[in-house]
Amino acid sequence: MKPVLFGLAALVGLSSIAVLQAQQGRTAKDLAAPRRATYAATGNIEVLPVQGSVYMVAGAGSNVVVQVGSQALFVVDTNEASMSDKLLAAIKTISPLPIRFIANTSGDPDHVGGNARFANSSGTIVNAFLNQGARVYATESTYERMTNPKDGSAAMPVALWPTDSFAAPLKSLAVTGEPILMIRETGHTNGDMAVFFRKSDVIAAGD
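A brief look at the structure comes next. (Residues numbered from 1 in each chain as written. Predicted model: local features only at pLDDT ≥ 70, side-chain atom pairs only at ≥ 80, totals over all residues. Heavy atoms only, no water.)

1. Some remarks on the pattern of salt bridges
Here is step 1 of the chain: Following the criterion strictly, the structure yields two salt bridges and no others.
Here is step 2 of the chain: Its salt-bridge partner being R117, residue D85 comes within 2.2 Å of it at the nearest N-O pair. With D85 in helix α3 (residues 84-94) and R117 in helix α5 (residues 115-119), this pair connects stretches of sequence that are 32 residues apart.
Here is step 3 of the chain: Under the relative-accessibility criterion, D85 is labelled exposed at 52%.
Here is step 4 of the chain: R135 is the salt-bridge partner of D164, the closest N and O atoms lying 2.5 Å from each other. Of this pair, D164 sits in strand β9 (residues 164-166) while R135 sits in strand β8 (residues 135-139); the two residues are 29 residues apart in sequence, bridging distant segments of the chain.
Here is step 5 of the chain: Residue classification places R135 among the partly exposed residues on the basis of a relative accessible area of 38%. (Salt bridge = Lys/Arg side-chain N within 4 Å of Asp/Glu carboxyl O. Helix = DSSP H or I, 4+ residues; strand = E, 2+ residues; numbered from the N terminus. Buried < 20%, exposed > 50% of the residue type's maximum accessible area, 1.4 Å probe, protein only.)

2. Description of the side chain of S62
Here is step 1 of the chain: Locating S62 in the fold gives a position in the loop between β4 (54-58) and β5 (64-68).
Here is step 2 of the chain: In terms of polar contacts, S62 uses its side chain to reach the side chain of D110, at 2.6 Å. (Polar contact = N/O pair within 3.5 Å; in protein donor to acceptor, adjacent residues only side chain to side chain.)

3. Structural notes on unusual backbone geometry
Here is step 1 of the chain: With phi around 60°, N79 is a residue other than glycine that occupies positive phi space.
Here is step 2 of the chain: Of the residues examined, N79 reaches a relative accessible area of 0% and is grouped as buried.
Here is step 3 of the chain: Positive phi, normally seen in glycine, also occurs at D201, with a value near 65°.
Here is step 4 of the chain: For D201, the position within the fold is in the loop between β12 (193-197) and β13 (202-206).

4. Some details on the environment of L88
Here is step 1 of the chain: Within the secondary structure, L88 is located in helix α3.
Here is step 2 of the chain: Using a relative accessible area of 11% as the deciding quantity, one classes L88 as buried.
Here is step 3 of the chain: Taking the C-alpha atoms as reference, L88 lies 9.7 Å from G114; in sequence the two are 26 residues apart.

5. Digging into the sheet that holds β4
Here is step 1 of the chain: Across the sheet, seven strands lie side by side as β3-β4-β5-β6-β7-β8-β9; this open sheet has mixed pairing. Looking at strand neighbours, the two that pair on one side only are β3 (46-51) and β9, the edges of this open sheet. Neighbouring strand axes in the sheet, compared pairwise and without regard to direction, differ in orientation by 20° on average.
Here is step 2 of the chain: In terms of strand pairing, β4 meets β5 through four bridges, oriented antiparallel. Counterpart to V54 in the pairing with β5 is Q67.
Here is step 3 of the chain: The strands that helix α6 (residues 140-147) touches are β8 and β9; relative to β8, the one it contacts most, it runs at about 100°. (Pairing = 2+ DSSP bridges. Axes fitted to C-alpha atoms, helices over the stretch in contact; angles between N-to-C directions. Contact = heavy atoms within 4.5 Å.)

6. Structural notes on the packing of aromatic side chains
Here is step 1 of the chain: Tallying each qualifying case throughout the model produces three aromatic pairs.
Here is step 2 of the chain: Judged by centre distance (5.8 Å) and plane angle (85°), the rings of F74 and F197 are edge-to-face. Of this pair, F74 sits in strand β6 (residues 73-76) while F197 is found in strand β12, placing the two residues 123 residues apart along the sequence.
Here is step 3 of the chain: Where Y143 meets W161, the ring centres are 6.1 Å apart and the plane angle is 75°; that geometry is what we call edge-to-face. A residue pair is termed long-range when its members are at least 10 positions apart, and Y143 in helix α6 and W161 in the loop between α6 and β9 qualify at 18 residues.
Here is step 4 of the chain: Members of the aromatic cluster, each reached through a chain of ring pairs, are F74, F101 and F197. (Phe/Tyr/Trp six-rings, centres within 6.5 Å; stacked < 30°, edge-to-face > 60°.)

7. Brief notes about the environment of A155
Here is step 1 of the chain: Following the sequence through the fold, A155 ends up in the loop between α6 and β9.
Here is step 2 of the chain: A residue is classified by how much of its surface remains accessible, and A155, at 38% relative accessible area, is partly exposed.
Here is step 3 of the chain: Separated by eleven residues in the primary sequence, A155 and E144 place their C-alpha atoms 9.2 Å from one another.

8. Observations regarding the pairing of β12
Here is step 1 of the chain: Of all five residues in β12, four are buried; the element is thus mostly enclosed.
Here is step 2 of the chain: Relative to β12, strand β11 (residues 180-184) is paired through five bridges, and the arrangement is antiparallel. Paired with L181 across the strands is F196, a residue of β12.
Here is step 3 of the chain: Note that β12 and β13 share three bridges and pair antiparallel. Residue pairing in the sheet places F196 in a bridge with I203 of β13.
Here is step 4 of the chain: Connecting β12 to the antiparallel partner β13 that follows it, the hairpin turn spans four residues, and D201 within it adopts a positive phi of roughly 65°.

Okay, here's the thing in structure tokens:
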């Protein structure tokens with residue numbers, strides 16, 4: 001799926017095209033019902049330059065977004081655990097720099113399943129608490145959904161948990177030489193967020 005231009009920013013997300021296509025021919029009752037499309041892996045991983053220092057890795061199901069900094073990579077979403085090896089190999093073709101920062105736009109398995117593998121892919125440890133090589137950012141609501149589900153289901157494995165959660169509407173970072181803004185949004189869960197790479201002028205919209 002090609003990135004979609006949205007205003008002045010390039011919008012990298014799953015909903016931008018898929019939701020519009022899915023809504024065609026649906027009734028008002030259908031559109032009012034909660035719905036989340038399923039994004040199946042094609043098996044063909046593609047690296048697509050978006051603009052600035054941002055790339056999209058597509059074909060594994062949910063898209064993975066990579067921003068190349070001066071000394072490290074910032075990754076948005078890590079897909080399912082089973083896709084980690086292919087995705088990490090594709091990311092290495094973008095840059096050999098280590099993944100030091102990860103943002104999860106939701107707590108769904110196709111967004112967080114690769115957290116442990118991605119966070120440990122550099123081979124060095126920067127987070128002693130979880131013995132990982134990257135910080136993992138998410139909203140507080142996503143952290144709660146992963147660690148203490150309200151529906152009675154089991155918590156996700158500790159290795160997938162975010163290391164840094166936030167409750168504010170916005171969280172700003174400048175960790176890779178580019179100002180990054182994480183924006184809480186109401187998507188199909190109460191913990192969704194978008195990530196805005198301000199210098200590259202790209203939004204990773206998630207679902």
